[in-house]
Amino acid sequence: MPFRGSFRAARLAAALLAFTALAPAAPAAAAPSAGTVQDAQGRSTAENGRGAEEPSAPEEFVALRDVAPTILQEMRYRTRHNFVGQRVDGYRQPMCIVTRDTAKALSVAQHAFLRKGYSLKVYDCYRPQRAVDQFVDWAKDLDDESMKDEFYPRVEKDRLFEDGYIAEKSGHSRGSTVDLTLVELPAKPTRPYRPGEPLVSCFAPQSVRFPDNSIDMGTGYDCFDTLSHTLDPRIKGEQRENRLLLKDTLEEAGFTNLPEEWWHFTLEDETFPETFFDFPVWRRALHNH
């Protein structure tokens, strides 16, 4: 990928800031115990319930847009374009929430990418435990294969647990894990997904699969297939270079890649390395909303 000069990078960054400003805005204690699902007050979700008062986030959590406004956001689980085929429980607003340390590290990586003519785009950030629970329930329902043709065409649904695609806990619920990709600037829009439209395999050629505006990584996001393994030897040429550009730059900013998913990165020095949260994804959960 050619390196852009600093002048061009500045123009691209300015254009991206303008693009971000035009995007629709999202609608408006005690230390937690290790390995548990907690709200900000250290109460378990079983104790707190999901009634009128939802759990709030610890003050260490922020909206990514408040720290790194030029990072694009396409929050897939707030839409029906995901492997479940429905909006996922707990995603009240289409926004990325992460720990402050994660947001700062992503900002460092974003500046490096802007200098090269790219922007990060996040698909998922903090994920409430209730969303993970929904994924588990969905995986157990073997009759629901409405999105199979796009997201897991070569994997039988009864193997999703055994093959590691679905689990009862996710690092996303700790707030320092993100799913993301790269978009070449100036960013082109991604058309909305139309529920019921014909589905195309996530590992089909980029010109054929759903028209995401990201650069070609060899598969789409959330592709349940071994081709999604970051260093799968079948991924060659420009696709491999794109994956390595994403991986190497994020590693320099302090992240570690999950080898089975080219899009999945976790901050090495996690703020909450053993705590899984369940507050909803919306600004009202944050201290400075």
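Quick caveat, the model's predicted, so the values are computed rather than measured.

Undergrad: Where do I start with the packing of aromatic side chains in this structure?
TA: Working definition: an aromatic ring pair is given by the centre-to-centre distance plus the angle between the planes. Throughout the structure, instances matching the rule amount to 21 aromatic pairs. Taking 5.5 Å as the distance between ring centres and 80° as the angle between the ring planes, the aromatic pair formed by Tyr221 and Trp263 counts as edge-to-face. Residue Tyr221 is located in the loop between β6 (177-184) and α7 (237-252), and its partner Trp263 is located in the loop between β7 (255-257) and β8 (264-267); the two are separated by 42 residues in the primary sequence. The ring of Trp282 carries Arg92 above its face, with NZ or CZ at 4.7 Å from the centroid. Its guanidinium or amino end placed over the ring of Trp138, Lys157 lies 4.0 Å from that ring's centre, counting from NZ or CZ.

Undergrad: Can you walk me through a negative patch on the surface in this structure?
TA: Taken together, the side chains of Asp141, Asp143, Glu145, Asp149, Glu156 and Asp158 present a region of like negative charge at the surface. Inspection of the secondary structure puts Asp141 in the loop between α5 (129-140) and α6 (148-151).

Undergrad: Whenever I open this one, the layout of surface pockets confuses me. Can you help?
TA: Empty space among the atoms becomes apparent when a probe as large as a water molecule is rolled across them. Estimated volume of the second largest pocket: approximately 500 Å³. Around the second largest pocket, the lining comprises 28 residues; the ones closest to its centre are Gly164, Tyr165, Ile166, Leu258 and Glu261. Elements with a contribution of two residues or more to the lining of the second largest pocket: α5, β6 and β8. Of the residues that constitute the lining of the second largest pocket, the class distribution is 11 nonpolar, 9 polar and 8 charged.

Undergrad: Before we go on, may I ask you to explain the environment of Glu260 in this structure?
TA: Here Glu260 shows up in the loop between β7 and β8. Non-local contacts of Glu260, meaning those with residues more than four positions away in its chain, are made with Ser228 and His229.

Undergrad: What's the story with the state of the cysteines in this structure? I'm lost.
TA: By definition, a disulfide links the sulfur atoms of two cysteine residues through a covalent bond. Applying the stated criterion across every chain yields a total of 2 disulfides. Cys96 shares a disulfide with Cys125; S-S distance 2.0 Å. Residues Cys96 and Cys125 are joined through a disulfide that is left-handed, its torsion about the S-S bond being -105°. Of the two residues, Cys96 sits in the loop between β3 (72-73) and β4 (97-99) while Cys125 sits in the loop between β5 (118-124) and α5, which places them 29 residues apart along the sequence. Judged by relative accessible area, Cys125 falls into the buried class, the value being 1%. In this model, Cys202 is linked to Cys223 through a disulfide, with the two sulfur atoms separated by 2.0 Å.

Undergrad: Explain the confidence of the model for the chain here, please?
TA: Note: predicted coordinates in regions of low pLDDT should not be interpreted at a detailed level. Confidence in the prediction of the chain, expressed as mean pLDDT, is 88, and 82% of residues score 70 or more. Here residues 1-34 is modelled with pLDDT under 50, and outside its nearest four sequence neighbours on either side it reaches 49 contacts, counting other chains as well. Contacts from residues 39-49, a stretch scored under 50 in pLDDT, to residues over four places away or in other chains number 23 contacts.

Undergrad: Would you explain unusual backbone geometry in this entry?
TA: Of note, the amide linkage connecting Leu185 to Pro186 takes the cis form, showing an omega dihedral of 0°. Looking at where Pro186 falls in the secondary structure, it is placed in the loop between β6 and α7.

Undergrad: Is there a simple way to think about α5 in this case?
TA: Residues three or four positions apart in an α-helix share a direction because the helix packs 3.6 residues into each turn. With 12 residues, α5 ought to run about 16 Å at 1.5 Å a step, and its terminal C-alpha atoms sit 17 Å apart, in line with that. Within α5, 9 of the 12 residues are buried, which leaves the element mostly enclosed by the surrounding structure. Among all positions in α5, only Gln129, Arg130, Ala131, Val132, Gln134, Phe135, Val136, Trp138 and Ala139 are buried.

Calculation criteria
- Residues numbered from 1 in each chain as written.
- Predicted model: local features only at pLDDT ≥ 70, side-chain atom pairs only at ≥ 80, totals over all residues.
- Heavy atoms only, no water.
- Phe/Tyr/Trp six-rings, centres within 6.5 Å; stacked < 30°, edge-to-face > 60°.
- Helix = DSSP H or I, 4+ residues; strand = E, 2+ residues; numbered from the N terminus.
- Lys NZ or Arg CZ within 6 Å of the ring centre and 35° of its normal.
- Patch = residues over 30% accessible without salt bridge, like charges linked within 9 Å, V, L, I, M, F, W, Y side chains within 5 Å.
- Areas by Shrake-Rupley, 256 points an atom, 1.4 Å probe, with all protein chains shown as cover.
- Salt bridge = Lys/Arg side-chain N within 4 Å of Asp/Glu carboxyl O.
- Lys, Arg positive; Asp, Glu negative; His and termini not counted.
- Charge placed at Lys NZ, Arg CZ, Asp CG, Glu CD.
- 1 Å grid on protein atoms, 1.4 Å probe; cavity = no way out; pocket = protein on both sides within 12 Å on 5 of 7 lines; lining within 4 Å.
- Points joined across faces, edges and corners; volume = space filled by probe spheres on them.
- Nonpolar A, V, L, I, M, F, W, Y, C, P; charged D, E, K, R; others polar.
- Contact = heavy atoms within 4.5 Å.
- Disulfide = S-S within 2.5 Å.
- Buried < 20%, exposed > 50% of the residue type's maximum accessible area, 1.4 Å probe, protein only.
- pLDDT = per-residue confidence, 0-100.
- Expected span 1.5 Å × (residues − 1).

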